[in-house]
Amino acid sequence: MFIDIINYSDLISFYGKDFTNLVIDKYLDNIIQFPYISDNNLYYISKNEYVLLIDNLTEYNILLSELENNSSIITKNDIIISDNKICMRGKVGVIASSNVKNKNSSNVVNKGFE
């Protein structure tokens, strides 16, 4: 699953780089602490793009259902830091790895860019 933080530029402009990085860290921590994705891997691609690999089909289906119902914390997640409420917005692309022959993290991520 590709995650693009769509309001990254706005956050940098308003809060600056250091505070924005703190907000992004909190946003990503919130994502990986959910029970159905806690054992999966999150990879950094660029300053506002990440990849979440999900190995368990049940976990994948739960997350996909939440995305379809627009109830996922990946697409909308309010972060509170020092009495500041920051609305994080993510755009998600889901890629099935059924076409990847050797399913290691590098091959799955590279397949997503094809």
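Small disclaimer: the values here were computed from a predicted structure and weren't measured.

**Q** Is there a simple way to explain the overall build of the protein chain in this structure?
**A** Tallying secondary structure elements over the protein chain gives four helices and five strands in all. When the helices and strands of the protein chain are listed from N to C terminus, the series reads β-α-α-β-β-α-β-β-α. Here the protein chain, with 114 residues, has 36% of them falling under the buried criterion. Working note: accessible area of the protein chain is about 7,000 Å², and carbon and sulfur atoms make up 46% of it.

**Q** Would you mind showing me how to read the pairing of strand 1 (residues 2-5) here?
**A** Working note: regular strand, side chains alternate between the two faces of the sheet. Taking every second residue as pointing to the same face, both faces of strand 1 are buried, with F2 and D4 on one and I3 and I5 on the other. By the bridge criterion, three bridges tie strand 1 to strand 3 (residues 49-53) in an arrangement that is antiparallel. Within strand 3, the position partnered with F2 by the bridge is V51.

**Q** Just to check I follow, could you spell out the environment of N7 for this structure?
**A** For N7, the location among the structural elements is in the loop between strand 1 and helix 1 (8-15). It is 9.7 Å that separates the C-alpha atoms of N7 and K91, two residues lying 84 residues apart in sequence. The contact partners of N7, leaving out residues within four places of it in the chain, are C87, M88 and R89.

**Q** What's the story with the pairing of strand 4 (residues 76-81) in this structure? I'm lost.
**A** With burial as the criterion, only one face of strand 4 is covered, namely that bearing N77, I79 and I81; the residues K76, D78 and I80 on the opposite face remain uncovered. Hairpin connection from strand 4 to strand 5 (residues 84-93): two residues lie between these consecutive antiparallel strands, with S82 at a positive phi of about 50°.

**Q** What is the right way to read the pattern of salt bridges from this model?
**A** Any two side chains of opposite charge can pair, so long as their charged atoms come close to each other. Applying the stated criterion across every chain, the model contains three salt bridges. Residues R89 and D78 are paired through a salt bridge, measuring 3.9 Å at the closest nitrogen-oxygen approach. With R89 in strand 5 and D78 in strand 4, this pair connects stretches of sequence that are 11 residues apart. In this structure R89 comes out as partly exposed when scored by relative accessible area, which is 23%. With a relative accessible area of 34%, D78 lands in the partly exposed category.

**Q** Looking at this model, I keep getting lost on the sheet that holds strand 2 (residues 41-46). Mind explaining?
**A** The strand order across the open sheet formed by five strands is 2-3-1-5-4, and the pairing between neighbours is antiparallel. Only two strands of the sheet have a single partner each, and these edge strands are strand 2 and strand 4. Strand after strand, the sheet turns through a mean of 30° between neighbouring axes, direction not considered.

**Q** What exactly am I supposed to notice about the confidence of the model for the protein chain here?
**A** With 80% of its residues at a pLDDT of 70 or more, the protein chain has an overall mean of 82. For the protein chain, per-element mean pLDDT is lowest for helix 4 (residues 105-112), which scores 66, and highest for helix 1, which scores 93.

**Q** I'm lost on the environment of M88 in this one. Help?
**A** Among the secondary structure elements, M88 is positioned in strand 5. Through-space distance from the C-alpha of M88 to that of D78 is 5.8 Å; in sequence the pair is 10 residues apart. Aside from chain neighbours lying at most four places away, what touches M88 is I5, N7, L11, V23, I24, Y27, T75, K76, N77 and I79.

About the cut-offs
Residue positions are given per chain, counting from 1 as you read along its sequence in written order. Two thresholds apply to this predicted model, a pLDDT of at least 70 for residue-level local features and 80 or more for giving and counting side-chain atom pairs, whereas whole-chain, interface and lining totals are computed over all residues. To get the side-chain values, take all heavy atoms of the structure and skip hydrogens and water. Secondary structure elements are defined from DSSP: runs of H or I of at least 4 residues count as helices, runs of E of at least 2 residues count as strands, and each element is numbered from the N terminus. Partly exposed residues are those whose accessible area sits between 20% and 50% of the maximum for their type, while under 20% is buried and over 50% is exposed, using a 1.4 Å probe and protein chains only. Surface accessibility follows the Shrake-Rupley procedure with a 1.4 Å probe radius. Residue values consider only the protein chains on display as shielding. Only strands joined by at least two bridges in the DSSP assignment are considered to pair. Pairs of residues are marked as contacts when any of their non-hydrogen atoms sit within 4.5 Å. The salt bridge criterion pairs a side-chain nitrogen of Lys or Arg with a carboxyl oxygen of Asp or Glu, the two atoms within 4 Å. Angles shown run from 0 to 180 degrees and are taken between the N-to-C directions of axes, each axis being a line fitted to C-alpha atoms and, for helices, limited to the stretch in contact. The predictor attaches a confidence to each residue, called pLDDT, with possible values from 0 through 100.

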